[in-house]
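Commentary on secondary and tertiary structure
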Amino acid sequence: MQQRQRIIELNVNGETHTLAVEPQRTLLEVLRDNLGLTGAKRGCDQGYCNACTVLVDGKAVNSCLILAVRAQGKRITTIEGLSHNGRMHPLQEAFVNRGAIQCGFCTPGMVLTAKALLDANPDPSEMQIRRAISGNLCRCTGYVKVVEAIKEAARVLKTGGAA
Amino acid sequence: MKEYSVVGKRLPRIDSPAKAMGQAKYAADLVLPRMLHGKVLRSPHPHARILNIDTSQAEGLPGVKAVVTGKDTKGVKFGGWRAFTQLIDQYPLCMDKVRYIGDEVAAVAAVDEDTAEEALDLIRVDYEPLQAILDPEAAMKEGAPRIHEEVERNICWSRFIEFGNVEEGFARSDYVREDNFSLQTQAYAPTEPRACLASFDHAGRLTIWTSTQCPYPVQCQLAAALGLREGDVRVVQPFLGGGFGAKFELFPYEVCCSLLAQKTGRPVKMMYTRQEEFSASRTRHAMKIWLKTGFKKDGTLMARQARAVLDGGAYTSFGPTVTFTAGFFHTLLYRLPNYKYEGYRVFTNKPPSSGMRGIGAVQPFFAGETQMDMVARDLGIDPIELRLKNARQPNEVIPKLTTVNSCGLSECLTKVGESTRWHERQSKLPPGRGIGIACAGQQSGGAFNWFRTRLAFSNARVRANDDGTVVLFAGAADIGQGSSTVLCQILAEELGVRFEDVSIVAADTGTTPVDIGTWGSRVTFQAGNAVRAAAIELKKQLFAVVAPKLNADPVDLDIKDRKIFAKGRPEPSMPFPEAVTAAQAANKGKILEVAGSYHPEGKGIVSPAYSFVAVVAEVEVDRETGQVKVDRLTVAHDCGQPINPMSVEGQVEGSVHMGLGYALTEQVVSEKGEMLNPSFLDYRIPTALDMPEVKIIEVITDEPEGPFGAKEAGEGCVAPVAPAIANAIYDAIGVRVKDLPITPEKVLKALREAQPNS
């Protein structure tokens, strides 16, 4: 079932990668298998759990639902691109400090969804936060501390704590 | 309340930064050079005889490296019930028969997932379909076809509990009522679909990195299934994306993956799809419960009798424990003089049922706590007052079963009532709004040795280094509940060092001492006790060396803030690193490492300690649509001394979330044995928009058996959510729904039946 590979250029976390990929490969597969960026999780491969969320040109996207070849020319940010030299983004810090992480499998997708929200709306209401993460399924936290963490990060970012 | 320096603090978890930054590696993230990908062929029939399997075409597909069927296995069954070997009943790959849609028939290793998938389509299996038995009551009838040839009436396990005399108790009651309750099949639905990576070395020793809650039991069972010595199998748990009981046992795919690695001489990785995680793993037992209870007019509980029929699915799994606890939990909350229980777990041609968060607890508590509400209303007694009148008190014995040491149930009831202004609001809210209460309790790990291990249930080793760092080696598995953090807190507290001085190596049978695994809320309590025992031993060894240098008796020494000193005399003192250096020197450079263990010896047949919880639900019900909206859940929880209150809250909130889904939306729907909703779109776990406000009230007790007074935390809180919501629905609209989940259809049906003319 080998398909002819195509050469594509992907801009991921500020670096450009030249890759040979089969045209049917999803962005999630290429991030995980070709680039070793396993922070994006394969939770369902159907677009229902959002554990594979990455940012594409700043928007939260299910990387299991777009083909890698279609991501050419776009700016892709994965969870690995959010911290710099081990220094966490305020959202990541808030998730840690507020106890919003349990098993952690949904965390990368949850954090990036929150990042897209706060970039577009720095001062969201609780309902707007809940709506934004309503597609990110979590079986551990009941979302309580996740919502608290996003609120806290919004406060920190507004007062200039941006990473 | 005692003052601690590390215990009781809201510390962020030690593994959170790695998870937040995407560095944490789960089983599916692992890669080895020359690694192959494996896939499992599953039965499309609920019940069928295997006549022939032809793998030749699959083997000929380019890229396929190996195909295995039952014939390639040792042909021995595996299972965790080493104490009752007749319960060990699952083959790694089916030999002669398939027993549910999803049963493992063959497995393939290939160069990539697509090729492995394609090869599955090329395996030809001839089946002779057999009559599928899907209803447990029908399966129990004489003459029903047998799912396991040696099991009469398909009864996998039956359990009877009796104390006092129920007939006499009912005769002396002023009021007796009987009700039937029906509980659905719930899916575990962890966010991580399970995965494993198996690799053999040149000497034939296996290492498997796998999504498991129980490395040691998996090691033992995997070794037996492969015909290897236990010491030649190393099981490593990478980060785990949620368990809740789903990843508690050895699974056939782990044996298949190991076999394929053995056969090909290359590492093999297998990853479940989401559909497999839903339909070919385990489920919470569906249950039918008949419950009869007798009271005096003044509300004194006189007698209870219960019968439960559990839908076991195709294999034993952890079902016998559920069969027992489903009877035990009727005795826990209230002083009960007379009790009789019969429970039957029955095989059906469905995915096996097992122990899920609130193991064997959510079902009996739904029945008992819903009925309690009906009794209160019939007797004209406030539901909280009725519970308080009968509530379990500290240091009470439940005949033949267990002893309850600490118990904050009454305080939970009082506080949750005060916080929600219960007395002003119950039965007094506007139409369509209601408030309801329910309680539960939960064990702090099991005391019964089902695995028949000769070793203590929990073991820990602690190494002190002369730079002041301390390393904890513990077999206990952190599955996202935060146990590694809690164990480090317990160690730091006992040892008088800082939390940041402690690191942990956990859940790796090659490097960490045996632990029976993560189930039944046992880790904080049992592994915590083992860690504490090791820390006490380490202090003993340090004090023996330091005492002469401080002109003191070893028994008079203490350690705090990394300094050893004589109690009541802060100086002279010796810093902890210096003391470690001295201890090493006194033993010719031997590293300072000690072991500790805990085994619940002589603690009855259930558990050494119990948590308690009371939940009040506030709901709105739309009489037009039948829609139930939960506005707030107030939870008063007695977990002894919380080791990490932030983690306890997280466990409570997560349990409440799972209980909410169980109450309203979650249900495995199947037809002719096939799950019809094996995706997150069709199987509805509550989203962030469905989650109500959760208010948590800590009720702190001091559990004498637990480390620093700790006991079970959080898991117990899943059980009272559904009955609290059901009771609130009754308060809102005056109808009872006694089968879960409470869907809009059921609410509307109940409303129509209550008012046939409207």
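To continue, consider helix H19 (residues 744-754) of chain B. Side chains that are three or four residues apart share a direction in an α-helix, a result of its 3.6 residues per turn. Residue and element names in this part refer to chain B. Buried within H19 are the following residues: Val-747, Ala-750 and Leu-751. Buried residues of H19 fall within an arc of 100° about the axis and therefore sit on the same side. In H19, the exposed residues that point more than 90 degrees away from the buried face are Glu-745, Arg-752 and Glu-753. The secondary structure elements touched by the buried residues of H19 are strand E29 (610-621), strand E30 (628-638) and helix H18 (721-733).

The next thing to look at is the interface of chain A and chain B. It is common to report an interface's size as the accessible area lost on association of the parts. Taken together, the contacts link 47 residues of chain A with 55 residues of chain B. Together chain A and chain B conceal approximately 4,000 Å² of surface at their shared face, both sides included; 57% is due to carbon and sulfur atoms. Of all residues in chain A, Gln102(A), Cys103(A) and Arg139(A) bury the most surface against chain B, accounting for 21% of the area lost on that side. One salt bridge in this structure joins Glu666(B) and Arg139(A), with 2.7 Å as the shortest N-O distance. At the junction of chain A and chain B, the tally comes to 22 residue pairs in polar contact (both at pLDDT 80 or more).

Turning our eyes to something else, we now look at the domain arrangement of chain A. Residue and element names in this part refer to chain A. Split into domains, chain A comes out as domain 1 (6-81) and domain 2 (90-158). Between domain 1 and domain 2, the residue contacts involve 16 residues of the former and twelve residues of the latter. Surface buried jointly by domain 1 and domain 2 totals about 1,100 Å² across both partners, of which 67% is contributed by carbon and sulfur atoms. Considering only the surface of domain 1 that becomes buried against domain 2, Asn-50, Leu-55 and Ile-79 emerge as the three largest contributors, covering 41% of it. Our enumeration of links across domain 1 and domain 2 arrives at zero salt bridges. For the pair domain 1 and domain 2, the number of links is three residue pairs in polar contact (both at pLDDT 80 or more). At three residues, strand E3 (residues 53-56) tops the list of elements feeding residues into the side of domain 1 that touches domain 2. Taken together, the residues of the side of domain 1 that touches domain 2 break down into seven nonpolar, seven polar and two charged.

Residue and element names in this part refer to chain B. Position of Val-545 among the secondary structure elements: in helix H15 (residues 523-546). A residue is classified by how much of its surface remains accessible, and Val-545, at 18% relative accessible area, is buried. Placed 35 residues apart in sequence, Val-545 and Val-580 show a C-alpha to C-alpha distance of 9.1 Å. Residues within four places of Val-545 in sequence aside, it is in contact with Ala-582, Ala-583 and Ala-586.

All names here are of chain B. Enumeration over the complete set of coordinates arrives at five cavities of 30 Å³ or more. Roughly 630 Å³ of volume is contained in the largest cavity. The wall of the largest cavity is formed by 39 residues, among which Gln-481, Ser-521, Gln-651, Ala-713 and Glu-715 lie closest to the centre. For the lining of the largest cavity, the elements supplying multiple residues, two or more each, are helix H14 (483-495), H15 and helix H17 (645-664). When residues of the lining of the largest cavity are assigned to their parent elements, the largest contribution, three residues, is made by H17. For the lining of the largest cavity, a count of residues per class yields 16 nonpolar, 18 polar and five charged.

Procedures and definitions
- Residues numbered from 1 in each chain as written.
- Chains lettered and ligands numbered in written order.
- Predicted model: local features only at pLDDT ≥ 70, side-chain atom pairs only at ≥ 80, totals over all residues.
- Heavy atoms only, no water.
- Buried < 20%, exposed > 50% of the residue type's maximum accessible area, 1.4 Å probe, protein only.
- Helix = DSSP H or I, 4+ residues; strand = E, 2+ residues; numbered from the N terminus.
- Arc of directions from axis to C-beta.
- Contact = heavy atoms within 4.5 Å.
- Buried area = accessible area lost by both parts, 1.4 Å probe.
- Salt bridge = Lys/Arg side-chain N within 4 Å of Asp/Glu carboxyl O.
- Polar contact = N/O pair within 3.5 Å; in protein donor to acceptor, adjacent residues only side chain to side chain.
- Domains from an automatic or database assignment.
- Nonpolar A, V, L, I, M, F, W, Y, C, P; charged D, E, K, R; others polar.
- 1 Å grid on protein atoms, 1.4 Å probe; cavity = no way out; pocket = protein on both sides within 12 Å on 5 of 7 lines; lining within 4 Å.
- Points joined across faces, edges and corners; volume = space filled by probe spheres on them.

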